[in-house]
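# Structural overview
For reference, the chains in residue letters:
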Amino acid sequence: MDDSSPGLPSATLPGWTVSVSPASLTLAPGASASFNVAITRTSAALNTWTFGNVVWSDTVHTVTSPLSANAAGFVAPAEVSDTRPTGRGTKVYQIISTYTGSLSVSGIGLVPATRTTNTVPAGRAQCVDVVVPAGAQVARFQLFNADTQGGSSSDLDLDVFNGPGGTGTRVGSSGGPTSDEIVTLRSPAARTYSACITGFATPVGGAQYTLSTWVVGPAVGVQTMRVSGPASVYASGSASIGLGWSVPAGARYLGNVTYADPASTTLGSTIVFVDNH
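Predicted model, so just to flag it, every value in this text is computed and none were measured. (Residues numbered from 1 in each chain as written. Predicted model: local features only at pLDDT ≥ 70, side-chain atom pairs only at ≥ 80, totals over all residues. Heavy atoms only, no water.)

Another point: the overall build of the chain. If you tally the helices and strands in the chain, you get 0 helices and 23 strands. For the chain, the proportion of its 277 residues judged to be buried stands at 40%. When the accessible area of the chain is evaluated, it comes to approximately 13500 Å², of which 53% is carbon and sulfur surface. (Helix = DSSP H or I, 4+ residues; strand = E, 2+ residues; numbered from the N terminus. Buried < 20%, exposed > 50% of the residue type's maximum accessible area, 1.4 Å probe, protein only. Areas by Shrake-Rupley, 256 points an atom, 1.4 Å probe, with all protein chains shown as cover.)

Because side chains alternate across strand 12 (residues 125–132), one face comprises the buried residues Gln 126, Val 128, Val 130 and Val 132, and the other comprises Ala 125, Cys 127, Asp 129 and Val 131, none of which is buried. In this structure, strand 12 lies alongside strand 17 (residues 191–201), joined through 8 bridges in antiparallel fashion. When the bridges of strand 17 are listed, Gln 126 appears paired with Ile 197. (Pairing = 2+ DSSP bridges.)

Further remarks concern the state of the cysteines. Taken as a whole and assessed by the stated rule, the structure comprises 1 disulfide. There is a disulfide in this structure between Cys 127 and Cys 196, and the S-S distance comes to 2.1 Å. Because the torsion about its S-S bond is 105°, the bridge between Cys 127 and Cys 196 counts as right-handed. Placement of Cys 127 in strand 12 and of Cys 196 in strand 17 is noted, with a sequence separation of 69 residues between them. A relative accessible area of 36% means that Cys 127 is categorised as partly exposed. Judged by relative accessible area, which is 5%, Cys 196 ranks as buried. (Disulfide = S-S within 2.5 Å.)

Let us look at unusual backbone geometry. Cis geometry marks the peptide bond from Ser 21 to Pro 22; its omega dihedral reads 0°. Among the secondary structure elements, Pro 22 is positioned in the loop between strand 2 (16–21) and strand 3 (36–41). Here Gly 109 and Leu 110 are connected by a cis peptide whose omega angle stands at 10°. With respect to the secondary-structure elements, Leu 110 resides in strand 10 (residues 104–112). Unusually for a residue other than glycine, Ser 187 sits at a positive phi of about 50°.

Let's shift gears to the sheet that holds strand 15 (residues 170–174). Hydrogen bonds between backbone groups are what pair the strands of a sheet, and the pairing can be parallel or antiparallel. As summarised here, the arrangement of the 4 strands in space is 12-17-14-15, forming an open sheet in which the pairing is antiparallel. Each edge of the sheet is formed by a strand with only one pairing partner; in this case those strands are strand 12 and strand 15. Strand-to-strand, the axes of this sheet are offset by a mean angle of 20°, without reference to chain direction. (Axes fitted to C-alpha atoms, helices over the stretch in contact; angles between N-to-C directions.)

Mapped onto the fold, Thr 116 is located in strand 11 (residues 114–120). Residues Thr 116 and Leu 211 lie 95 residues apart in sequence; the distance between their C-alpha atoms is 5.1 Å.

A word on the confidence of the model for the chain. Confidence in the prediction of the chain, expressed as mean pLDDT, is 90, and 97% of residues score 70 or more. Mean pLDDT across the secondary structure elements of the chain bottoms out at strand 1 (residues 8–12), with 79, and peaks at strand 13 (residues 138–143), with 98. (pLDDT = per-residue confidence, 0-100.)

The strand order across the open sheet formed by 4 strands is 7-23-22-10, and the pairing between neighbours is mixed. A single partner strand is all that each edge strand has here, and the edge strands are strand 7 (79–83) and strand 10. Within this sheet the neighbouring strands show an average axis-to-axis angle of 15°, counted without direction. Two strands pair when backbone bridges link them, and strand 7 and strand 23 (residues 266–275) are joined in this way by 5 bridges, in the parallel orientation. By the bridge assignment for strand 23, Ser 81 is matched with Phe 273.

Tallying each qualifying case throughout the model produces 6 salt bridges. Residue Arg 252 pairs with Asp 147 through a salt bridge whose shortest N-O separation is 2.8 Å. Remark: Asp 147 occurs in the loop between strand 13 and strand 14 (155–161) and Arg 252 occurs in strand 22 (residues 252–260); sequence separation between them is 105 residues. The class of Arg 252 is buried, set by a relative accessible area of 6%. Linking Arg 252 and Asp 275 is a salt bridge whose minimum nitrogen-to-oxygen distance equals 3.4 Å. With Arg 252 in strand 22 and Asp 275 in strand 23, the pair connects residues that are 23 residues apart, well separated along the chain. Each member of the pair Arg 252 and Asp 275 is classed as buried. When salt bridges that share partners are traced, they join Arg 115, Asp 147, Arg 252 and Asp 275 into one network. (Salt bridge = Lys/Arg side-chain N within 4 Å of Asp/Glu carboxyl O.)

See the structure below:
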C-alpha cells in the first residue's frame, strides 16, 4: 500500500462477524499505522479456538494479519480461598457467562488435608505415595513455610511423579526460594502418585516438614460444602456463586465447584481452599 492507493480490509473468522476500522489505510513508503478489530460470536463453538485473518490490499500489495478467537462458555476464578479461625463460613464470588441459557453448579468437598511429617537432609529427597482413585477431580500436594523447620529460611522443593516412589513421569514441580510449594493436578488419572521433597537448603541436620495432600472426589457420603448458583445465565452477564461450609476447626480443606451448560458439558471448575488451621 502506498501513498496514492488506499488499502481496503477484508476479514475472515468462521463463526464470528468481524468489523475492521478504519475502513481504509493510506500509508507513505516506510510508514506504519494501526487498526482495530471487533468480533462478535455467531455460530462458533464454545471453548474452541477459531482461526482466520485480516487482509489489507490495494490491488498491488497485500498485508495479512492473523486472527484467533476462543468463546469461553463463561469466566470463573480458577481458585477461591478463605482463612478464618472457625470451621463455619460462607463466601460469594462472581462468574461471567458468554451464553444465555441454563447453568448447573455442583460442589464436592470439603476434604481435610492428609498430613505426613518427616525430616529431609540437605541434598536428599524423600517421596510420599498418594493413591488417586477413578473419578477424582483434583489432587493437590503442598508444603507450607509454617509447617517447615526454619520457615522461609529453609528451601524445600516439590516434584510429583505419576508412579510410586519417585518413578514414572514428572507431572508437576514447584521450586521456589522458600518452602511454600504447591502442585495441583486437575482430573488426574487413577493411579498411585508420589510427592518427592528435596532439601535444597536446610538447617544443620535437615528440616522437619509436613506435607499436606488432598484428593477431591469422587463424592462419598454427605458433602460439607454447600454450593448455590443461578438456574439461568445471560450472555455478557455476571452471576453470583455462594458457598457455605461447616467443618471441624484446626485443619486445611479443599473442595471443587464445577459448572455445566444446557447440554451437560462441563464448562470449567473452581477450586475452593479453606484454611482454619
